[in-house]
Number of protein chains: 4
Amino acid sequence: MSKNSTSPTRPQKPMESRIGWSNEHDIRIYGLNLMQDLMGKQDLGAMAFLELTSRLPTPSESVLVNAMLVALVEHGITPSALATRMTYYGAPESLQGAVAAGLLGLGNVFVGTIEGSAKMLQESLADAGDTPDFAALATELVNKFRAAKQILPGFGHPIHRPDDPRALRLLELAREQGHAGKYVQLLLAVSAEADRQFGKHLVLNVTGMIGAIASELDISWRYARGLGIMARAVGLIGHIREELERPIAPEIWVRVGDEAVQKLRADEE
Amino acid sequence: MSKNSTSPTRPQKPMESRIGWSNEHDIRIYGLNLMQDLMGKQDLGAMAFLELTSRLPTPSESVLVNAMLVALVEHGITPSALATRMTYYGAPESLQGAVAAGLLGLGNVFVGTIEGSAKMLQESLADAGDTPDFAALATELVNKFRAAKQILPGFGHPIHRPDDPRALRLLELAREQGHAGKYVQLLLAVSAEADRQFGKHLVLNVTGMIGAIASELDISWRYARGLGIMARAVGLIGHIREELERPIAPEIWVRVGDEAVQKLRADEE
Amino acid sequence: MSKNSTSPTRPQKPMESRIGWSNEHDIRIYGLNLMQDLMGKQDLGAMAFLELTSRLPTPSESVLVNAMLVALVEHGITPSALATRMTYYGAPESLQGAVAAGLLGLGNVFVGTIEGSAKMLQESLADAGDTPDFAALATELVNKFRAAKQILPGFGHPIHRPDDPRALRLLELAREQGHAGKYVQLLLAVSAEADRQFGKHLVLNVTGMIGAIASELDISWRYARGLGIMARAVGLIGHIREELERPIAPEIWVRVGDEAVQKLRADEE
Amino acid sequence: MSKNSTSPTRPQKPMESRIGWSNEHDIRIYGLNLMQDLMGKQDLGAMAFLELTSRLPTPSESVLVNAMLVALVEHGITPSALATRMTYYGAPESLQGAVAAGLLGLGNVFVGTIEGSAKMLQESLADAGDTPDFAALATELVNKFRAAKQILPGFGHPIHRPDDPRALRLLELAREQGHAGKYVQLLLAVSAEADRQFGKHLVLNVTGMIGAIASELDISWRYARGLGIMARAVGLIGHIREELERPIAPEIWVRVGDEAVQKLRADEE
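Calculation notes
Residues numbered from 1 in each chain as written. Chains lettered and ligands numbered in written order. Predicted model: local features only at pLDDT ≥ 70, side-chain atom pairs only at ≥ 80, totals over all residues. Helix = DSSP H or I, 4+ residues; strand = E, 2+ residues; numbered from the N terminus. Buried ≥ 20, exposed ≤ 12 C-beta atoms within 10 Å, placed from the backbone. Contact = placed C-beta atoms within 7 Å. Nonpolar A, V, L, I, M, F, W, Y, C, P; charged D, E, K, R; others polar. Pairing = 2+ DSSP bridges. Least-squares fit on C-alpha atoms with pLDDT ≥ 70 in both. Domains from an automatic or database assignment. Axes fitted to C-alpha atoms, helices over the stretch in contact; angles between N-to-C directions. Parallel < 35°, antiparallel > 145°, perpendicular 65-115°, else oblique. Left-handed = near helix turned anticlockwise from the far one by under 90°. Expected span 1.5 Å × (residues − 1). pLDDT = per-residue confidence, 0-100. Core = buried A, V, L, I, M, F, W, Y, C linked by C-beta atoms within 7 Å.

Topic: the overall build of chain A
- Counting its secondary structure elements, chain A contains 13 helices and three strands.
- Counting only C-alpha atoms, chain A reaches 70 × 65 × 50 Å along its principal axes.
- When each of the 269 residues of chain A is scored for burial, the buried share is 59%.
- Pairs at least 24 apart in sequence give 74% of the contacts found in chain A among residues at least 6 apart.

Here you go:
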């Protein structure tokens, strides 16, 4: 039902966007001239930073935002890539629909863990003052997640051992670029504390490290997941291109369809 | 209904992906090592090029693919941005859903015209040999679209006059980078011929020029639309960020809801 | 870029919806009282008819619209169901995202053919007068599609032989209910003509017959595909329920992921 | 990255679906013959029940499941309908994309509250035995939500006063059909307790009541939200039909686009 106002005299509230505007010959975005300041001068990663922070990155920030995005672009045959390929099979006229289908799987189980990691770190450090006690905060966090029987966001991986090589590389870059600050330090403290409490090494994964570095770059946990969405949109186009050249969706359909109903069919036919 | 094979002895067809693979300590993408060759060395635009062509761009190609993507990231308050904002209002827990909703509007009316432009140019030049007669091909194309009463893809714009500044800037960059080849030349010939036949200047728009430059970079028209999808995924995150800070969706709902049913309600209440 | 008006004095155009409205205690839809006229009295198929035609169905129309919808609800393990299951695996918190992913595959290859069938029949009969020559129109249509090397919409099926049992059942119901009018007659004439021209029997499929019966019920081809979308939204919820109880997405991921990159990995590792 | 098994000898896990199967001349769904048992005999609401419970409804259950679905089909100009209309404007070739965009907004703020209500009731009664103390359970629930500073799921409405007429009508139908059992009783007890604790009447809304009646019909809270998704897919087709006949999306774009950037433009132009 529509949210009709009950009074015809309801005052209108303002609607405002400060992202950009255009006229006959000009286009401005976050105060910059699209043609002169951005096209030909900035890369797509810098634009991502601009959308996330309203300003262009410094050279160091540019390295890091691009490295985080590059790390997430392509994951080979994932559930998300399979959803895109299945959708493209049925609706090849609608590339945008196939990409949208793939993005829809980027929820709490996969890249959504960026949000969990960033939230954990940002909330923990919000009231910790200028000289946080990282070990104490880490103990508090690990205790809290264990008590709630929740998975520690940013830890665990089905394949990589003993560490996620993307997380290691990001850490190396953050240090090189002078951005391994308090969020990165807290994440490493959480990692050490988790290993201690669980009595074994937990894999620190790429989304965990991205949660920390995004926090270093002042990206709120509320939209830090957006880094994964931007990156995967790029990668899913590659899967559509390959599906066009070397399709696998029809074969998946036949094989799974056959096998999954075999027993039922034997019972009922 | 599932496409069950009729015979239990149906031979399986191969399923193959050549995009990438990973093991415990390594991740390879298009033959490159993700950590050593890509992270910290390539930007997100280069990754887009890699997904579209299976190889990294040259420096000139990098300028152009980034410029095309940068041109499309942000368009202010568009129908697509409004769909994202409306969706985020109802499902703030699902950032990926709000972005997917915005991407779904990138169809034939808006960025889909990249595909139309690239297809027109690529098909026209497919059998044109090494020294195409651009004027003759352009006349043929304009005649064909006029006869079919179809809009010439890549022309027309609601605001920009006399030209789309993004198209002009892309043309400038293509020339600077030595990539204003036969596809760009044909598009300019089409523009001149269209002006002649219609007796007025048609605005050559950004998607038209991107169709040409994507063709120069060997990106097939079948997935050239993907450039727009990649870029807009980046921009839509900015709209979610702003909607979180300065929401307009609730006000749009109330205003449109009130006004649209005013007459009906007066008739029926 | 936003479609900013060039003049501040641009007159506003009206925005009007005649679907429904509500106030503190009442909700009206297409002129009916939701609580008194619809809830408890009409079924979901009647609501679908109401949304498609602005009026409630007669008893005969109700049988047919429900039969068309029921025919399309469930197809077992389809590409669309697989996209839903893959998406639910990654984002179990967002049921709506998993359904949306499944619907996105309902394009030109699968249920979109309802649109093709309805369009073919509606356009052919638009100027055919009160006593159409079905055989002549059918010959014209088959000739036209063959000349354009296009698939005749509504014909062909990967499994059902010699006919799609759903199409036969719908035809039976249309006849019983007195709705096997000119659109159904033309479709049957097209079927006979196609068999004659191709020298073999083409399977008349369920979407072909739905295109004809939707036309009998005055549903425009422009949104006839909506019947398939409504029905599949119902069925996809069943696949989410089964995925929750008896998941197959993780196993598909592992099997396809392993097999698809086996060769590449052997080459590169 | 694909979840490649680390061992080539990993045993395959079974993949099984018990929803349905088909062969050349037959289609079975949940053990029923689609053509003979369902088409022409069951309505779309009964199919929804079948997908949610694996069996056909009794006549009383059929009244209730249809009434719940009918209640949710159409809500006039909602954020979800606006997302569909905006998307259809940009991609009119892809009806399924426009519906998907509208469904994506059915998250925690709107119909997702069905899930919250059903979960609250089902979890509260899970261990309450055969003769639950409704008043005590209600007090416990209201206390719990207040302590967590969370909104009580199923309560509150922007327009309807003093009650949501759809909730009242559903309650009436549940009583008439003999299905106002323990879940409905607990919801009414929660309503009374909330009024007492808050010192004012909270509107019991339609999604709250649907959470209770879905529970009566043995529909798990894990997919109860599916009722809203099924219903809204039907309604969104009506909005596409109206947008085709009487478009409002272009006008919304212009008006919002103009107004939202007016201030920014004045500052920067």
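Observations concerning the interface of chain B and chain A
- Facing the 83 residues of chain B at the interface are 83 residues of chain A.
- For the side of chain B that touches chain A, the leading source of residues is helix H12 (residues 226-245) of chain B, giving twelve residues.
- Counted by class, the side of chain B that touches chain A contains 41 nonpolar, 23 polar and 19 charged residues.

Quick word on the sheet that holds strand E3 (residues 32-33) of chain A
Residue and element names in this part refer to chain A.
- Spatially, the three strands line up as an open sheet ordered E1-E2-E3, and their pairing is antiparallel. The sheet is open, and its two borders are formed by strand E1 (20-22) and E3, each paired with just one other strand.
- Direction of pairing for strand E2 (residues 27-29) relative to E3: antiparallel, over a ladder of two bridges. The partner of Ile 29 across the bridge, within E3, is Leu 32.

Observations regarding the relation of the copies chain D and chain C
- Aligned on chain C, chain D shows an RMSD of 0.0 Å; the corresponding rotation is 180 degrees and the shift along the axis is 0.0 Å. The transformation just described matches what one would write down for a two-fold rotation axis. Nearest to the rotation axis, the C-alpha of D:Ala100 is located 2.3 Å from it, this being the minimum over chain D.
- A high fraction, 100%, of the interface residues of chain D reappear at the interface in chain C, so the copies pair face to face through one surface.

Description of the environment of D:Leu170
Residue and element names in this part refer to chain D.
- Within the fold, Leu 170 resides in helix H8 (residues 165-176).
- Under the C-beta neighbour-count criterion, Leu 170 is labelled buried, with 27 such atoms within 10 Å.
- Remark: the alpha-carbon pair of Leu 170 and Ala 67, spanning 103 residues in sequence, is separated by 7.1 Å.

What to know about the domain arrangement of chain A
- When its domains are assigned, chain A resolves into domain 1 (74-108 + 229-255) and domain 2 (113-224).
- Inter-centroid distance (C-alpha atoms) of domain 1 of chain A to domain 2 of chain A is 30 Å.

Section: the environment of D:Gly45
- Examined against the element boundaries, D:Gly45 turns out to sit in helix H2 (residues 44-53).
- For the pair D:Gly45 and D:Leu72, spaced 27 residues apart in sequence, the C-alpha to C-alpha distance is 12 Å.
- Apart from the residues within four sequence positions on either side, D:Gly45 is in contact with C:Asp43, C:Leu44, D:Ser62, D:Val65, D:Asn66 and D:Leu69.

Points about the interface of chain D and chain C
- Contacts between chain D and chain C engage 84 residues on the former and 84 residues on the latter.
- Per element, the largest residue contribution to the side of chain D that touches chain C is twelve residues, and it comes from helix H12 (residues 226-245) of chain D.
- Classifying every residue of the side of chain D that touches chain C gives 42 nonpolar, 23 polar and 19 charged.

Considering the packing of helix H4 (residues 79-90) of chain C against helix H12 (residues 226-245) of chain C
All names here are of chain C.
- With their axes 9 Å apart at the nearest point, H4 and H12 run at an angle of 50 degrees to one another. In this view, H4 runs oblique relative to H12, as classed from their interaxial angle. Relative to H12, the crossing made by H4 is right-handed. Side by side, H4 and H12 meet where Ser 80, Ala 81, Thr 84, Arg 85 and Tyr 88 of the first sit next to Arg 232, Leu 236, His 239, Ile 240 and Glu 243 of the second.
- Here the residues of the contact of H4 with H12 are counted per class, giving four nonpolar, three polar and three charged.

Side note on unusual backbone geometry
- Here the residue pair C:Arg161 and C:Pro162 is connected by a cis peptide bond, since its omega of -10 degrees sits within 30 degrees of zero.
- Looking at the secondary structure, you find C:Pro162 in the loop between helix H7 (134-147) and helix H8 (165-176).
- With a phi angle near 50 degrees, A:Lys149 is a residue other than glycine that sits in the positive phi range.
- By secondary structure assignment, the location of A:Lys149 is in the loop between helix H7 (134-147) and helix H8 (165-176).
- The phi torsion at D:Tyr30 lies on the positive side, around 45 degrees, for a residue other than glycine.
- Here D:Tyr30 lies in the loop between strand E2 (27-29) and strand E3 (32-33).

A closer look at the sheet that holds strand E3 (residues 32-33) of chain B
- Read across the sheet, three strands follow the order E1-E2-E3 (chain B) without closing on themselves; strand pairing throughout is antiparallel. Single-partner strands in this sheet number two, and they are strand E1 (20-22) and E3 of chain B.

Concerning helix H9 (residues 182-198) of chain B
All names here are of chain B.
- Compared with an ideal rise of 1.5 Å per residue, which puts 17 residues at 24 Å, H9 spans 24 Å between its outermost C-alpha atoms and is within 8% of the ideal.
- Taken together, the buried residues of H9 touch helix H6 (113-126), helix H7 (134-147), helix H8 (165-176) and helix H10 (206-216).
- Positive phi appears at Gly 199, one or two residues downstream of H9, with a value of about 70 degrees.

Quick look at the confidence of the model for chain A
- In this model, chain A carries an average pLDDT of 94, and 97% of its residues clear a pLDDT of 70 or more.
- Confidence drops under a pLDDT of 50 for residues 1-6 of chain A, and excluding neighbours within four residues, the segment shows 28 contacts in the predicted structure.

Looking at the nonpolar core
- The biggest cluster of nonpolar side chains holds 380 residues, and the ones touching the most others in it are A:Met68, B:Met68, C:Met68 and D:Met68.
- Look past the residues within four positions of C:Met68 in its chain and what remains in contact with it is C:Leu170, C:Ile210, C:Ile213, C:Ala214 and C:Leu227.

Topic: the environment of C:Phe49
All names here are of chain C.
- In this fold, Phe 49 is placed in helix H2 (residues 44-53).
- A tally of 26 C-beta atoms within 10 Å means that Phe 49 is categorised as buried.
- Spatially, the C-alpha atom of Phe 49 lies 26 Å from that of Thr 78, the residues being 29 residues apart in sequence.
- Setting aside chain neighbours within four positions, we find Phe 49 in contact with Leu 56, Pro 57, Glu 61 and Val 65.

Considerations on helix H10 (residues 206-216) of chain A
All names here are of chain A.
- Counting buried positions over the eleven residues of H10 gives ten, a clear majority of the element.
- The complete set of buried residues in H10 reads Val 206, Thr 207, Gly 208, Met 209, Ile 210, Gly 211, Ala 212, Ile 213, Ala 214 and Ser 215.
- Looking at the buried positions of H10, the neighbouring elements they touch are helix H3 (59-73), helix H6 (113-126), H8, helix H9 (182-198), helix H11 (221-224) and helix H12 (226-245).
- Positive backbone phi, approximately 65 degrees, marks Asp 218, located one or two places after H10.

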